[in-house]
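Okay, here's what each chain looks like letter by letter:
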Amino acid sequence: MRRDQRDPRRGVPGIALTIVAALAGLVWASHPTPALTAGPQDAVRQLIAGVTAVLEDPALQGPAQKAERQHRIARVIHDAFDYQDMARHSLGAQWAALTPAERDEFTRLFADLFERSYRVLVVRFLGERTTTYVGESSDGQWALVRTRLISEKDGEMPVEYRLSTVGGRWTLVDIVVDGVSLAANYRVQFTKIIRTSSYQTLLQRMRKRVE
Amino acid sequence: MPSRSTWKTRWAVLLLGGAAALAGCATHGRAAELRPVVADGASALPAPASADATARSPLDDPAEVGDYDPWEPFNERMFAFNRGLDRWVVKPAATGWRKVVPEPFREGLQNAFHNLGMPRRFVNSLLQGKLAGAGRELGGFLVNSTLGLGGLVNIAQREGWTPSNGEDTGQTLGVWGIGPGPYLVLPFMPPMTVRDGVGFAVDSLLNPVGYVAPFAANAGMKATDTVNTRAENLEVFEDVEESVLDLYSAVRNGYLQRRQKAIEE
């Protein structure tokens with residue numbers, strides 16, 4: 001009881017602490033992007049480190065391991081991109097006409113094609129070239145990370161990564177290889193095929209490529 | 001520098017469908033410039049339904065304009081012709097060339113062709129007010145032409161000199177504010193716009209070989225350059241084809257994006 005009676009006096013700092021903790025909790029809970037301590041460049045570094053780790057893994061060397069290597073690289077790339085958003089933008093108005101199941105299929109096909117381009121144009125060189133980070137710019141919602149692939153023999157090639165904040169973390173949405181935005185390039189192709197033929201034709205071509 | 005042109009050929013070969021080679025490009029970046037520089041023919045379509053659209057995305061660009069291609073039917077026929085030329089002439093020649101000619105020689109040849117492009121890059125660097133770039137071009141040319149055995153060895157690149165941006169007259173006209181005009185594809189030629197076609201003609205006057213060698217010899221050198229470049233990129237071109245659904249529009253958009261970038265730089 002004595003202890004209880006003394007509690008109100010001792011409780012002053014206790015209440016203050018509780019209030020501070022509650023306020024801190026409120027601040028934490030209301031923070032819109034708690035994971036953004038990792039910046040856009042970190043996201044790009046994580047992607048490149050992940051791909052390079054697979055390329056340099058001693059257990060994954062040689063032609064016999066090519067399929068496994070590609071599978072693991074595809075997984076690393078897939079986790080880094082917001083393919084749903086990319087697919088939606090690449091399709092323009094047609095997206096609105098698709099059912100959820102159709103959107104899922106298109107997104108899956110788009111992701112496969114995009115990964116293929118990235119592998120062909122960039123990933124194949126990551127193991128033997130040095131990646132330097134030229135700079136980054138961001139407005140808080142989206143960002144650009146500029147890199148250069150450098151080799152003594154072939155010189156430099158600029159590779160830019162575009163990112164946006166999704167669910168509180170930076171996610172890649174496009175790659176600009178040697179001045180060419182892959183997302184924009186695919187969008188042009190999709191539009192052309194839909195304009196001159198139909199969405200079904202586009203889908204058939206995508207399925208055929210991915211097979 | 002040749003090294004740079006080696007990278008470039010990845011897109012250059014694609015751009016041309018294999019019939020010749022182009023070079024030139026670079027990048028930059030500020031927050032205000034994050035959007036795609038050149039959008040696509042899709043811009044004629046309305047924006048995605050807002051119901052499921054995210055608030056904003058770097059892939060959104062209200063100012064985007066389509067690839068300007070009013071002569072598309074003609075261009076597509078010419079593109080098909082050049083693709084046939086590549087398939088039946090250039091690619092087989094490149095495949096044979098690679099079997100016969102050792103890699104170091106092919107690389108040296110690529111360096112030498114690049115070195116001969118110095119007058120074009122030097123003059124256009126000056127015309128665009130890029131004095132440092134002009135200095136690098138001149139210095140690189142002198143070093144490569146002497147210590148680099150007539151340009152066969154890219155000494156400047158090995159010494160880590162900042163690579164050339166491949167300036168040409170089409171870029172200079174763009175920097176001076178002249179618009180690209182319609183996209184244009186002609187037989188035996190790389191894709192271009194009307195503005196770049198004019199620039200291409202002027203650039204041919206800056207080709208030193210044209211003044212000392214007869215037309216046939218000059219054409220032979222260009223053909224050799226084309227085949228040599230193609231030989232260096234056989235696998236890459238095939239892989240790129242495997243990731244493309246409509247080669248014509250992909251090439252057109254890639255070309256226009258790169259030109260826009262090069263001019264902005």
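Provided above is the structure to which this section pertains.
Not measured: the values here are computed from a predicted model.

Q: Please explain the overall build of chain B as it appears in this structure.
A: Scanning chain B from N- to C-terminus turns up 12 helices and 2 strands. Along the chain direction, N to C, the helices and strands of chain B fall in the order α-α-α-α-α-α-α-β-β-α-α-α-α-α. Split into buried and exposed, the 265 residues of chain B put 49% on the buried side. In chain B, of all internal contacts separated by at least 6 residues, the share reaching a separation of at least 24 is 76%.

Q: Teacher, can you tell me more about the pairing of strand β2 (residues 142-151) of chain A here?
A: If a strand is regular, its side chains alternate between the two faces of the sheet. Residues and elements named next belong to chain A. The buried fraction of β2 amounts to 7 of the 10 residues, a majority that puts the element mostly inside the structure. In this sheet, β2 lies alongside strand β1 (residues 130-138) in antiparallel orientation, the contact comprising 8 bridges. Residue pairing across strands places Glu136 opposite Val145, the latter belonging to β2. Counting the residues between successive antiparallel strands, the hairpin from β1 to β2 contains 3 residues, one of them, Gly140, with a positive phi of roughly 90°. Two strands pair when backbone bridges link them, and β2 and strand β3 (residues 155-166) are joined in this way by 10 bridges, in the antiparallel orientation. Among the inter-strand pairings, Val145 is bridged to a residue of β3, identified as Tyr161.

Q: Sorry, what's going on with helix α5 (residues 131-146) of chain B here?
A: Helical geometry: 3.6 residues make up each α-helical turn, so side chains three or four residues apart lie on a common side. All names here are of chain B. End to end, α5 covers 23 Å across 16 residues, agreeing with the expected 22 Å (1.5 Å per residue, within 8%). Turning to α5, its buried residues are Gly133, Arg136, Glu137, Gly140, Phe141 and Asn144. Looking straight down α5, one finds its buried side chains confined to an arc of 130°; they lie on one side. Away from its buried face by more than 90 degrees, α5 exposes Leu131, Ala132, Gly139 and Thr146.

Conventions we followed
Residues numbered from 1 in each chain as written. Chains lettered and ligands numbered in written order. Predicted model: local features only at pLDDT ≥ 70, side-chain atom pairs only at ≥ 80, totals over all residues. Helix = DSSP H or I, 4+ residues; strand = E, 2+ residues; numbered from the N terminus. Buried ≥ 20, exposed ≤ 12 C-beta atoms within 10 Å, placed from the backbone. Contact = placed C-beta atoms within 7 Å. Pairing = 2+ DSSP bridges. Expected span 1.5 Å × (residues − 1). Arc of directions from axis to C-beta.

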